[in-house]
Amino acid sequence: MQNNFEKLQEQKSLFICLLITGVTITLATFFGKEVAKVVTDFTYIIVTASFVVLSIIISSRFRKTGSHGKAWMLFLGTAVSWCMAETTWTIYELVYHTNPFPSLADVFYISGYPFLFLFSIYYLKPFNKLISRKMILITSLIAVSVLIPSLYMTMDNNSAESKFTIALGATYPVADSIILVPALIGIFLFFRGEVNFLWTLLLIGILLEVTADTGFQYFTLNNLYYTGHPTDI
Amino acid sequence: MNVDQDQLRKAMVSLAVEKVLLGIGKPIYNNVIKQLSKDYNCYLPECYEHPEYLNKVLKKIFGNAHVTIVDSIKKELDECMTQKPIAHFVTAISE
């Protein structure tokens, strides 16, 4: 863990980027929902576009060589899907002035998950001998426990939203928890190694995704969600 | 004659390690080479004489998962395991 802490200290630029993104959205909320909506939509396009650029750089370094080369190509697939999703969401919201949920944006958001799952599979493939059934079982139990609040909201709600919208909202935390399984396995496998840093970041990212998606589901079901809502940060 | 044999074994060990690491990805191979050079001022073929350097670098990069890399290297060198220096190399990187 000390290794990870040292790595985190080295990654100042990453922290600065995260801080700027968070502060920008937080500040925007002080200027009203409309400003928050515009700022959040554009910030997300910039963030996901940067995600695509960084994925292209890593993929080009590997040039499809080995199992990890394929893994990073799949990671690029996730980045492209989510960038398209954010762009579509913004077009629906700011150009057509319609509610972007549910919409075509969801197709792009959801299609990013299989890519991310396959990325984890290809990344862990060279180390599959170390992955025991017990490890899969324990990580699956953790993933299911993370899912409980979302499942509870899906089963027990008085929302006026259609069943399709409710089910679609629940799809995100389910997809997040599926991704959580290989992420936890990665943390265990690469414990004390430099590669563990990547998996720690991935795990933190997925846990934040679970929180944000569960929050999105809750506030949407209660008709309280708007783009730029604190859950977006 | 002995020197030639040793050079041959050195080459075999280098090729085995290279093959396993390239199987994961070229930047992974490059990273191992870089760490060997940075931490121990050592090139891959020299790991035949200093297997403990390779062992430490693999642990540093892959943590617990270095065991799988070592297993794959063992598998690559399986046919030569009857040769004592190769068996010694494999034992040393497994520690």
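Residues numbered from 1 in each chain as written. Chains lettered and ligands numbered in written order. Predicted model: local features only at pLDDT ≥ 70, side-chain atom pairs only at ≥ 80, totals over all residues.

Q: What is the right way to look at helix α5 (residues 84–94) of chain B in this model?
A: Each α-helix winds once per 3.6 residues, and so residues spaced three or four apart point in a common direction. All names here are of chain B. Of the residues making up α5, those classed as buried are I86, F89, V90 and I93. All buried residues of α5 project into a common sector of 95 degrees when viewed along the axis, lining one side. Exposed and oriented more than 90 degrees from the buried face of α5 are K84, H88 and T91. (Buried ≥ 20, exposed ≤ 12 C-beta atoms within 10 Å, placed from the backbone. Helix = DSSP H or I, 4+ residues; strand = E, 2+ residues; numbered from the N terminus. Arc of directions from axis to C-beta.)

Q: Looking at this structure, I do not really get the interface of chain B and chain A. What am I missing?
A: Residue-level contacts link 16 residues of chain B with 20 residues of chain A. Every element with two or more residues in the side of chain B that touches chain A is listed here: α1 (2–24), α2 (26–40), α3 (51–62) and α4 (66–76) of chain B. (Contact = placed C-beta atoms within 7 Å.)

Q: Would you explain the packing of helix α6 (residues 133–155) of chain A against helix α7 (residues 163–189) of chain A in this entry?
A: Between two packed helices, the angle of one axis relative to the other and the distance separating the axes together describe the packing. Residue and element names in this part refer to chain A. Following both chains from N to C, one finds α6 and α7 inclined at 160 degrees, their axes separated by 9 Å at the closest point. Compared by their axis directions, α6 and α7 come out roughly antiparallel. Between α6 and α7 lies a crossing of right-handed hand. Along its contact with α6, which presents M135, T139, S140, I142, A143, V144, V146, L147, S150 and T154, the element α7 presents I166, A170, P173, V174, S177, I178, L180, V181, L184, I185 and F188. Residues of the contact of α6 with α7, tallied by class, amount to 16 nonpolar, five polar and no charged. (Axes fitted to C-alpha atoms, helices over the stretch in contact; angles between N-to-C directions. Parallel < 35°, antiparallel > 145°, perpendicular 65-115°, else oblique. Left-handed = near helix turned anticlockwise from the far one by under 90°. Nonpolar A, V, L, I, M, F, W, Y, C, P; charged D, E, K, R; others polar.)

Q: Quick question: what am I supposed to make of the packing of α3 of chain B against α5 of chain B here?
A: All names here are of chain B. Where α3 contacts α5, the two axes come as close as 8 Å, and the packing angle between them is 35 degrees. Between α3 and α5 lies a crossing whose hand is right-handed. Counted together, P51, E52, L54 and N55 of α3 and F89, A92 and I93 of α5 form the full contact between these two elements. Looking at the contact of α3 with α5 residue by residue, the classes come out as five nonpolar, one polar and one charged.

Q: Please explain helix α3 (residues 33–62) of chain A as it appears in this structure.
A: Between its first and last C-alpha, α3 of chain A extends 43 Å over 30 residues, near the 44 Å set by a 1.5 Å rise per residue. Of the positions making up α3 of chain A, those classed as buried are A36, K37, T40, D41, Y44, T48, S55, S59 and F62 of chain A. Looking at the packing, one finds that the buried side of α3 of chain A touches α2 (12–29) and α4 (66–95) of chain A together with α2 of chain B. A positive backbone phi angle near 45 degrees is found at R63 of chain A, which sits one or two residues after α3 of chain A. (Expected span 1.5 Å × (residues − 1).)

Q: Sorry, what's going on with the domain arrangement of chain A here?
A: For interface size, the figure often reported is the accessible area lost on association. All names here are of chain A. For chain A, the assigned domains are domain 1 (1–116) and domain 2 (131–225). The distance between the C-alpha centroids of domain 1 and domain 2 comes to 17 Å. Contact residues are listed per partner, giving nine residues for domain 1 and 12 residues for domain 2. Secondary-structure elements contributing two or more residues to the side of domain 1 that touches domain 2 are α1 (2–10) and α5 (104–124). Top element by residues in the side of domain 1 that touches domain 2 is α5. It accounts for four residues. Split into classes, the residues belonging to the side of domain 1 that touches domain 2 amount to five nonpolar, two polar and two charged. (Domains from an automatic or database assignment.)

Q: What is the right way to read the environment of K10 of chain B from this model?
A: Residue and element names in this part refer to chain B. On the secondary structure map, K10 appears in helix α1. Taking the C-beta count within 10 Å as the criterion, K10 has 18 such neighbours and is therefore assigned partly exposed. When the C-alpha positions of K10 and G23 are compared, they lie 20 Å apart, and in sequence the two are 13 residues distant. The contact partners of K10, leaving out residues within four places of it in the chain, are P45 and Y48.

Q: Help me understand the confidence of the model for chain B in this model?
A: Close reading of the predicted structure is inappropriate where its pLDDT is low. When pLDDT is averaged along chain B, the result is 92, and 97% of the positions lie at 70 or above. Reported confidence for the predicted complex is 0.83 by ipTM and 0.87 by pTM. (pLDDT = per-residue confidence, 0-100.)

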